[in-house]
Amino acid sequence: MEFKNTLAFAQNLDQQDGLKHYREQFHFPKVNGKEVIYFTGNSLGLQPKLAKNYVDEIMADWAQLAVEGHFYAEKPWWDYHERLAEPLGRVVGARPEEVSVMNTLTVNLHLLMVSFYRPTATRFKILCEEKAFPSDQYMLQSQLRFHGLDPDEALVTVNKRKGEHFWRTEDILEKIEALGDELALVLMGGVNYYNGQVLEMAPITQAAKKAGAFVGWDLAHAVGNVSLQLHEWDVDFAAWCSYKYMNSGPGNASGIFVHERHLDREDIPRFEGWWGTKKETRFLMKPYFEPIATADAWQLSNPPILSLAPYLASLQLFEEVGMAALIQKRDLITAYLEFILTEVDKEVDSTFEIITPEDRGCQLSVFLHGEGRSLFEFLMKNGVITDWREPNVIRLAPAPFYCSFEDMYRFGQLLKKGIQSK
Ligand SMILES: *Cc1c(COP(=O)(O)O)cnc(C)c1O
């Protein structure tokens, strides 16, 4: 499609957008009385209007039923989390029994490493990407120290090539092969938070398995953003937070995936709690652990229902729309944003360098050469919510659920004005 940098063209794209009505199903913050242009759905997704109904329902059940709500609420609490497994399974390409919802992301990665990082004297190395998200680095380093290992020796990173802003799959595969039977675990971000790159999860998983290692993916920036086939790819485990593209609310519960072949096994080390035991016998309060035959075996506690409620509301929207339609719009709106950036680039003195490679989801990370923080402040003051990473990178995520093509056009105009009025 040949794009144009005009309001009429952008509005025409909106007219043809099959998802355009979903915008009205989200709350937008306002600046100067106008809805903002929201580019930070990769950090905190907007609130679905439906979320409040779901939370209100729990509050009402709690008021009216108190403890009886566990069994007699409209959606009983004792197995409330199970309602999320099927729709989430569709989002990540997993069977419902392979998915559970619990805790928060970093906590879950730690818990899953208890099961899937089992170093021996010879096979103890972990491979991750250079400059992984800080929490993941701290998590990996502290796990290694917990096992009495030195992170400097046991934590291996795949680096970008000099002068390049992205990882090459061939470099990752080569590293895996070189580590061979020293490699215990590959744990990487499926979509990188900084440059927006989507790693080739299928071949990387395959190579790691061939080397005899376990493979886990941190899907914080991938879930609800890119196509995932965790079961088919034969991934061992994965975890994600739900407050980014999944729009579940600040700090909300994390999801986990554990491959079918690891389920219903008593020989896997796990940190265990009563919510991971078989439902049929849970309330007999037995003194020993019998794992549920699903990923719920990794649950420790009875889950926070008030948190799961908005997550379930959001999943209802994902059910309605489906990942295929979201991805289709994502590709078009991201391409349009890229076009707008290129057009503005021609009209101003500064140079934009998009560091996000072709393998991308909905985020474009842009180096604004010659610009500083004042541009970012101008944008924020004028209703463009984006984020700024020093020295001068902005990350723009036009989430397809609620961003419009007109937003992209208006952003381009503001960007140009911000640079020219400096
Ligand atoms: C957002 C994000 C996190 C956040 O972790 P929490 O435990 O939810 O605070 C972790 N890892 C990655 C890669 C992220 O993008």
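Just so it is clear, the structure is predicted and the values come from calculations on it, not from any experiment.

**Comments concerning the pairing of strand β6 (residues 99-102)**
Note on strand geometry: in a regular strand, side chains alternate between the two faces of the sheet. Of the two faces of β6, the one holding V99 and V101 and the one holding S100 and M102 are both buried throughout. Sheet analysis places β6 next to strand β12 (residues 254-258), joined by 4 bridges and oriented antiparallel. Bridging across to β12, V99 finds its partner in F257.

**Quick word on the packing of helix α1 (residues 7-15) against helix α15 (residues 405-420)**
Running from N to C, α1 and α15 point in directions that differ by 155°, and their axes come no closer than 7 Å. Viewed along their axes, α1 and α15 adopt a mutual orientation that is roughly antiparallel. Contacts from L7, A10, Q11, L13 and D14 of α1 reach α15 at F405, E406 and Y409. Partitioning the contact of α1 with α15 into residue classes produces 5 nonpolar, 1 polar and 2 charged.

**Quick look at the side chain of K125**
Tracing the backbone through its elements, the reader meets K125 in strand β7 (residues 125-129). On the basis of relative accessibility, which here comes to 14%, the residue K125 falls in the buried class. Once residues lying within four places of it in the same chain are set aside, the contact partners of K125 are E153, A154, V156, L179, E182, L183, A184 and L185.

**Some remarks on the nonpolar core**
Grouped burial of nonpolar side chains is what soluble globular proteins tend to show. Core analysis: the largest hydrophobic core is formed by 105 residues, its most contacted members being Y80, I176, W217, W240, Y336 and F411. Two domains each put at least three residues into this core: domain 1 (7-35 + 322-420) and domain 2 (52-321). Non-local contacts of I176, meaning those with residues more than four positions away in its chain, are made with L127, L183, V186, I204, A207, A208 and A211.

**Focus on the packing of aromatic side chains**
Tallied over the entire structure, the rule returns 25 aromatic pairs. Taking the centre distance of 5.7 Å and the plane angle of 65° together, the rings of Y22 and F401 count as edge-to-face. A residue pair is termed long-range when its members are at least 10 positions apart, and Y22 in the loop between α1 and β1 (26-27) and F401 in the loop between β17 (393-396) and α15 qualify at 379 residues. Of the two residues, Y22 and F401, neither departs from the other in class, the shared state being buried. Ring centres of F28 and Y402 lie 6.0 Å apart, and the angle between their planes is 90°; on these two criteria the pair is classed as edge-to-face.

**Digging into the site of the ligand**
All residues adjacent to the ligand are L105, T106, F133, D136, D218, A220, H221, Y243 and K244. At a separation of 2.8 Å, a nitrogen atom of the ligand approaches a polar side-chain atom of D136. In this structure, a nitrogen atom belonging to the ligand sits 3.0 Å away from a side-chain N or O atom of D218. Here the ligand is seated within the second largest pocket.

**Regarding helix α4 (residues 82-92)**
Listed in full, the buried residues belonging to α4 are L84, A85, P87, L88, G89, V91 and V92. At its buried positions, α4 is contacted by β6, α10 (230-233), β11 (237-240), α12 (305-321) and α13 (323-347). Looking at the residues trailing α4, positive phi occurs at G93, about 70°.

**Here's the deal with the sheet that holds β12**
Strands sit in the order β6-β12-β11-β10-β9-β7-β8 across an open sheet of 7 strands; the sheet is mixed. With partners counted over all chains shown, the strands left at the sheet margins are β6 and β8 (155-158), one partner each. Ignoring strand direction, the axes of neighbouring strands in this sheet form an average angle of 20°. Sheet topology note: the β7/β8 ladder contains 4 bridges and is parallel.

**As for the sheet that holds strand β14 (residues 364-369)**
Sheets are built from strands paired through backbone hydrogen bonds, the pairs being either parallel or antiparallel. Reading across from one edge, β13-β14-β17-β16 is the order of the 4 strands in this open sheet, with antiparallel pairing throughout. Looking along the sheet, the strands with just one partner apiece sit at the ends: β13 (351-354) and β16 (387-389). Each adjacent strand pair in this sheet contributes to an overall mean axis angle of 30°, direction not counted. When β16 meets β17, the two strands line up antiparallel, connected through 3 bridges. Its bridge partner lying in β17, R389 is registered against V393. Against the sheet, α13 makes contact with β13, β14 and β17, and its axis sits at roughly 155° relative to β13, the strand it touches most.

Basis of the calculations
- Residues numbered from 1 in each chain as written.
- Predicted model: local features only at pLDDT ≥ 70, side-chain atom pairs only at ≥ 80, totals over all residues.
- Heavy atoms only, no water.
- Buried < 20%, exposed > 50% of the residue type's maximum accessible area, 1.4 Å probe, protein only.
- Helix = DSSP H or I, 4+ residues; strand = E, 2+ residues; numbered from the N terminus.
- Pairing = 2+ DSSP bridges.
- Axes fitted to C-alpha atoms, helices over the stretch in contact; angles between N-to-C directions.
- Parallel < 35°, antiparallel > 145°, perpendicular 65-115°, else oblique.
- Contact = heavy atoms within 4.5 Å.
- Nonpolar A, V, L, I, M, F, W, Y, C, P; charged D, E, K, R; others polar.
- Core = buried A, V, L, I, M, F, W, Y, C linked by side-chain atoms within 4.5 Å.
- Domains from an automatic or database assignment.
- Phe/Tyr/Trp six-rings, centres within 6.5 Å; stacked < 30°, edge-to-face > 60°.
- Near = heavy atom within 4 Å.
- Polar contact = N/O pair within 3.5 Å; in protein donor to acceptor, adjacent residues only side chain to side chain.
- 1 Å grid on protein atoms, 1.4 Å probe; cavity = no way out; pocket = protein on both sides within 12 Å on 5 of 7 lines; lining within 4 Å.
- Sits in = over half its atoms within 2 Å of the grid points.

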